[in-house]
Amino acid sequence: MAFVAKEFRHILRDRRTLLILFGMPVMQVLLFGFVLTNEIKNAAIAVLDPSKDTESIALTNKLISSGYFHLEQYLVSAEELEPAFRKGKIKMAIIFPDNFAVSLNEPSSLSRPAATIQLLGDASDPNTATTLINYSNAIIADYQREKFPILYPQSPQIKTETRMRYNPEQKSVFNFVPGVMTMILMLVSAMMTSVTIAKEKELGTMEVLLVSPLKPIQIILGKTAPYLALSFLNAAVVVVLGIFVFGMPMHGSLLFLAAECVLYMFVALSLGIFISTRAKDQMTAMFMSALGLLMPTMLLSGFLFPRESMPWLLQMIGTVIPATWFNTIIKGVMIKGVGPDVLWQQTLALGGMALFFLTLSMKNFKDRLE
Amino acid sequence: MSNKIEAKILSKSYGKVQAIKNINLSVNEGEIFGLIGPDGAGKTTLFRILTSLLLPDSGSATVAGLDVVKDYKQLRTAIGYMPGRFSLYQDLTVEENLEFFASVFGTSIRENYDLIAPIYAQIEPFKDRRAGALSGGMKQKLALSCALIHKPKVLFLDEPGTGVDPVSRKEFWDMLRNLRDQGLTILVSTPYMDEAELCDRVALMQNGEIMAVDTPQGITAGFQQPLFAARSDNMYQLIKDLRAFEGAADCYAFGEYAHLKLNTGVGAGQTVADIRKFLDSRNHRNVEVKSAKPTVEDCFIELMKN
């Protein structure tokens, strides 16, 4: 009995264990519970409707009012499709044929084919694209049922044609190579850095380094430079494996991708340094990086679960996670082949984060003990 | 610039706990000065303030003429610091450790080899061994070599004797005296009272305050009361009995003996024979009683009581 009491004291007095015991499950249940729904709401779509008749407008309204879609833009011509997808503004496009109402209200025959609607999905994110296409098909089928409750062989039909852009075979590799890259770089750059600096503190060697004439910046540089190099090597390995083993395309500039990797690594490194200024020992540093960096990177960045289906709050958290931006960048460069002209926003976001966390961690890195 | 250490009314608290209170300290150039006190006396806090690792809440201090707060950058090049736990990289070899610390201070092993030679020569045969695989005594020598590699003027050694065997400790103190003779000022802290006798001067610390500063001889000379050492087969009963002895001021365990301190007034006339007779009357066996010379530890216990 006394032993049980003693053990409870150990646990209750160790905040870290407490956090693992209670914080971890609560956080996981919450995150998985919210995130694991594959239901997508308010996905941005575009509509190309040359008919603009009562039927096409009614069907468009039905799609929009389902709550699953949000009409981002009405396209005027098919030429506008490509740029909209490349910029990542839309996840799906719906294309009506000419004279939709006419073809719908006349019985189909060999001479007059069924009214055909094209659905184009952005399959660089295959999970989201598939879900969106399935929604659309269901809603369109529903529309047809309402209109023609009884189906005769000769009654008009709406046919849908599906195209998956960028990733016609919907290979998951398109999703997991960028995802793994965000993870690995975060792991090596942030976690290893924070742990290695915390180790110096734990073993007391930091005291000697501080008493030396070394400037804090020299200590930090000396500690992080090897990890920067290692991370870069890691990123290269993942990209090479992705391309040559898993058939990941590389449509964009390799140099641009490398530059973006370095930028992301700087964000991760500065996060690692920041954590190490807070953590007293290796365990704490490890725990803080795992919970504060790796879990969000995995769950909230859109790697495992589509961000569109997350509740508003988690989406907001997702926007401040560097991996979210980096994920878009990798997919953009490798799959869509876009460059800085399209990805400047994401690049700017990463750059801002790097600057912010670097300043923060430098300020927090004391050249004295606390 | 002299290599003195001067501290004036230094205080430092951690939250509600006051680690050191109004410490005044003056260490002369070229002396081994010992901070003696039990764990928690505030020795490490004082060390960290003097090495510029901690900011004092109030008071001021200079080391080698440099203010520990304002001139901390210059100060850090002028001092050598060996923290309580030997701060070595366990996964680096002996030589790699020394090379690293030399480069951190912008120097090389060769440049200052003469200074560390007497110490480093003893561990040089093991220079390819990982520091983690060294014995306590060898770790201590390596840590000292690392702290000396940049020719500091003042050396801070925080509990260097912890975890080191007696023979290595003795060798270590021989090295310290050698360094002092070369003009280095050495501030050393220790919880071991026997090491106190090896210092030129000592400060006795307790609960964040300095209770006395003097040479070890001066400290023990202040001990006026008659002191005896006694032992028997039943030490626990012996101490209990002796506390009831006429004129006893205090009795406490001291190594394998018990030290009996008598009051100067009532106890002045008591002799070894009197004590032996008293112990025989209480049925103690194998009794040994002798007159004892006061040590720093006896003085410390005396001071702690007040």
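A few points on the structure. Position labels on residues start from 1 in each chain and follow its written sequence. Each chain gets a letter, beginning with A, and each ligand a number, beginning with 1, in the order they are written. Where local features are concerned, this predicted model is filtered to residues with pLDDT of at least 70; where side-chain atom pairs are given and counted, the filter is 80 or more; whole-chain, interface and lining totals use all residues. Each side-chain value is derived from all of the structure's non-hydrogen atoms; neither hydrogens nor water enter the calculation.

Comments concerning the packing of aromatic side chains
Residues and elements named next belong to chain B.
Thought 1: Pairing of aromatic side chains here covers Phe, Tyr and the six-membered ring of Trp, requires ring centres within 6.5 Å, and sorts the geometry by plane angle: under 30 degrees stacked, over 60 edge-to-face, intermediate tilted. Counted by the stated rule, this structure contains ten aromatic pairs over all chains.
Thought 2: With centroids separated by 5.4 Å and ring planes inclined at 90°, the aromatic side chains of Y89 and F100 adopt a geometry described as edge-to-face. Residue Y89 is found in the loop between β6 (79-82) and α3 (94-104), and its partner F100 is found in helix α3; the two are separated by eleven residues along the sequence.
Thought 3: Between buried and exposed lies partly exposed: a residue is buried under 20% and exposed over 50% of the maximum accessible area for its type, with that area taken using a 1.4 Å probe on protein chains only. Looking at F100, the relative accessible area reads 28%, which means it is partly exposed.
Thought 4: Owing to a relative accessible area of 11%, Y89 belongs among the buried residues under this scheme.
Thought 5: Taken together, the ring pairs in this structure connect Y89, F100 and F101 into an aromatic cluster.
Thought 6: Looking at R169, its charged tip hangs above the ring of Y192, at a distance of 4.1 Å from the centre.
Thought 7: Our definition puts a charge over a ring when NZ of Lys or CZ of Arg is within 6 Å of the ring centre and also within 35 degrees of the ring normal. Directly above the aromatic system of Y257 lies the positively charged group of R231, at a separation of 4.9 Å from the ring centroid. Segments assigned H or I by DSSP are reported as helices when at least four residues long, segments assigned E as strands when at least two residues long, and all are numbered from the N terminus.

What to know about the interface of chain A and chain B
Thought 1: Opposite the 19 residues of chain A that make contact, chain B presents 23 residues.
Thought 2: Any carboxyl oxygen of Asp or Glu that lies within 4 Å of a side-chain nitrogen of Lys or Arg is treated as forming a salt bridge with it. Between the two partners, chain A and chain B, sit two salt bridges.
Thought 3: Put simply, E207 of chain A and R48 of chain B hold a salt bridge, and the shortest N to O gap is 2.9 Å.
Thought 4: Identification of polar contacts relies on pairs of N or O atoms within 3.5 Å, with a donor-acceptor requirement for protein atoms, meaning one able to donate a hydrogen and the other able to accept it, and with residues adjacent in sequence counted only if both atoms are side-chain atoms. Counting every contact that joins chain A to chain B gives four residue pairs in polar contact (both at pLDDT 80 or more).
Thought 5: By residue number, the principal contributor to the side of chain A that touches chain B is helix α8 (residues 205-211) of chain A, which donates six residues. Whether two residues are in contact is decided by their heavy atoms: any pair within 4.5 Å suffices.

Comments concerning a nonpolar patch on the surface
All names here are of chain A.
Thought 1: Patches here are clusters of residues that have more than 30% relative accessible area and form no salt bridge, with a 9 Å joining cutoff for like charges and a 5 Å cutoff for nonpolar side chains (Val, Leu, Ile, Met, Phe, Trp, Tyr). What sets the accessible areas is the Shrake-Rupley method with a 1.4 Å probe; for residues, cover comes only from the shown protein chains. A surface patch of nonpolar side chains, amounting to about 660 Å² of accessible area, comprises F176, V237, V240, L241, F244, V245 and F246.
Thought 2: If you tally residues by element for the nonpolar patch, the top one is helix α9 (residues 216-244), at four residues.
Thought 3: Take L241: it is sitting in helix α9.
Thought 4: On the basis of relative accessible area, L241 is assigned to the partly exposed category, the value being 41%.

Some points on the environment of K280 of chain A
Residue and element names in this part refer to chain A.
Thought 1: Structurally, the position occupied by K280 is in the loop between α10 (254-278) and α11 (282-299).
Thought 2: Among the residues examined, K280 registers a relative accessible area of 68% and is labelled exposed.
Thought 3: For K280 and S136, which are 144 residues apart along the polypeptide, the C-alpha to C-alpha distance reads 53 Å.
Thought 4: When residues no more than four places from it in sequence are discounted, the contact partners of K280 are A198, K201 and E202.

Looking at the side chain of S136 of chain A
Residue and element names in this part refer to chain A.
Thought 1: Here S136 lies in helix α6 (residues 126-147).
Thought 2: Separated by 2.8 Å, the side chain of S136 and the backbone oxygen of L132 make a polar contact.
Thought 3: Among all residues touching S136, those that are not within four sequence positions of it are L63, F69, M92 and L119.

Focus: the layout of surface pockets
Empty space left among the atoms is revealed by rolling a probe the size of a water molecule over them.
Residue and element names in this part refer to chain A.
Thought 1: Site definitions follow a grid-based scheme: protein atoms alone, a 1 Å grid, a 1.4 Å probe that fits but cannot get out for cavities, and for pockets an open set with protein on both sides within 12 Å along at least five of seven lines, plus lining residues having an atom within 4 Å of a point. Grid points are joined across faces, edges and corners, and a volume is the space filled by probe spheres set on the points. Roughly 1,000 Å³ of internal volume is contained in the largest pocket.
Thought 2: Contributing to the lining of the largest pocket are 33 residues, with G88, K91, E308, T328 and Q346 lying nearest its centre.
Thought 3: By residue number, the principal contributor to the lining of the largest pocket is helix α13 (residues 322-336), which donates seven residues.
Thought 4: Across the lining of the largest pocket, the residue classes break down as nine nonpolar, 13 polar and eleven charged.
Thought 5: Domain assignment of the residues forming the lining of the largest pocket places at least three in each of domain 1 (43-165) and domain 2 (172-364). As a working rule, the residues Ala, Val, Leu, Ile, Met, Phe, Trp, Tyr, Cys and Pro are called nonpolar, Asp, Glu, Lys and Arg charged, and the rest polar, with Gly in that last group. Note that the domain bounds reflect an automated or database-derived domain assignment.

Considerations on empty space enclosed by the protein
Thought 1: Enumeration over the complete set of coordinates arrives at two cavities of 30 Å³ or more.
Thought 2: Forming the boundary of the largest cavity are V208 of chain A together with Y81, M82, P83, S87, L88, F101, A143, C146 and A147 of chain B.
Thought 3: Among the elements of the structure, β6 and α5 (136-148) of chain B are those that each provide at least two residues to the lining of the largest cavity.
Thought 4: When residues in the lining of the largest cavity are grouped by element, the largest group, three residues, is from α5 of chain B.
Thought 5: Here the residues of the lining of the largest cavity sort into nine nonpolar, one polar and no charged.
Thought 6: Computed from the structure, the second largest cavity encloses a volume of approximately 50 Å³.
Thought 7: Lining the second largest cavity, in full, are V208 and V211 of chain A together with I79, G80, Y81, F101, F105, C146, A147 and H150 of chain B.
Thought 8: Residue assignment for the lining of the second largest cavity shows that the elements contributing at least two residues are α8 of chain A together with β6 and α5 of chain B.
Thought 9: When residues in the lining of the second largest cavity are grouped by element, the largest group, three residues, is from β6 of chain B.

Looking at the sheet that holds strand β3 (residues 92-95) of chain A
Residue and element names in this part refer to chain A.
Thought 1: For two strands to count as paired, DSSP must find a minimum of two bridges between them. Reading across from one edge, β2-β1-β3-β4-β5 is the order of the five strands in this open sheet, with mixed pairing throughout. Strand pairing shows two members of the sheet lacking a second neighbour, β2 (69-75) and β5 (158-165), which therefore form its edges. Within this sheet the neighbouring strands show an average axis-to-axis angle of 25°, counted without direction.
Thought 2: Sheet topology note: the β3/strand β4 (residues 115-122) ladder contains four bridges and is antiparallel. Within the sheet, the bridge partner assigned to M92 lies in β4 and is G121.
Thought 3: The strands touched by helix α3 (residues 54-65) within the sheet are β1 (43-48), β2, β3 and β4, with β2 carrying the most contacts at an inclination of about 145°. Working convention: axes come from line fits to C-alpha atoms, limited for helices to the stretch in contact. Angles between N-to-C directions cover 0 to 180 degrees.

Some points on unusual backbone geometry
All names here are of chain B.
Thought 1: Positive phi, normally seen in glycine, also occurs at N22, with a value near 45°.
Thought 2: Examined against the element boundaries, N22 turns out to sit in strand β2 (residues 17-27).
Thought 3: In this structure, K151 takes a positive phi of about 55° despite not being glycine.

Digging into the pattern of salt bridges
Oppositely charged side chains can pair when the atoms bearing their charge come close.
Thought 1: As enumerated under the stated definition, the model contains 22 salt bridges over all chains in all.
Thought 2: For K62 of chain A, the salt bridge is made with D142 of chain A, and the minimal N-O distance between the two is 3.3 Å. Here K62 of chain A, found in helix α3, pairs with D142 of chain A, found in helix α6; they are 80 residues apart in sequence, far enough to count as distant.
Thought 3: D142 of chain A gets classed as partly exposed once you look at its relative accessible area, which sits at 28%.
Thought 4: Between R231 of chain B and E256 of chain B there is a salt bridge, with its nearest N and O atoms 3.6 Å apart. Note that R231 of chain B is positioned in strand β11 (residues 227-231) and E256 of chain B in the loop between β12 (248-254) and β13 (257-262), a separation of 25 residues in sequence.
Thought 5: Classification of E256 of chain B as exposed rests on a relative accessible area of 55%.
Thought 6: Linked through salt bridges whose partners overlap, the residues forming this network are K62, D142, R145 and E146 of chain A.

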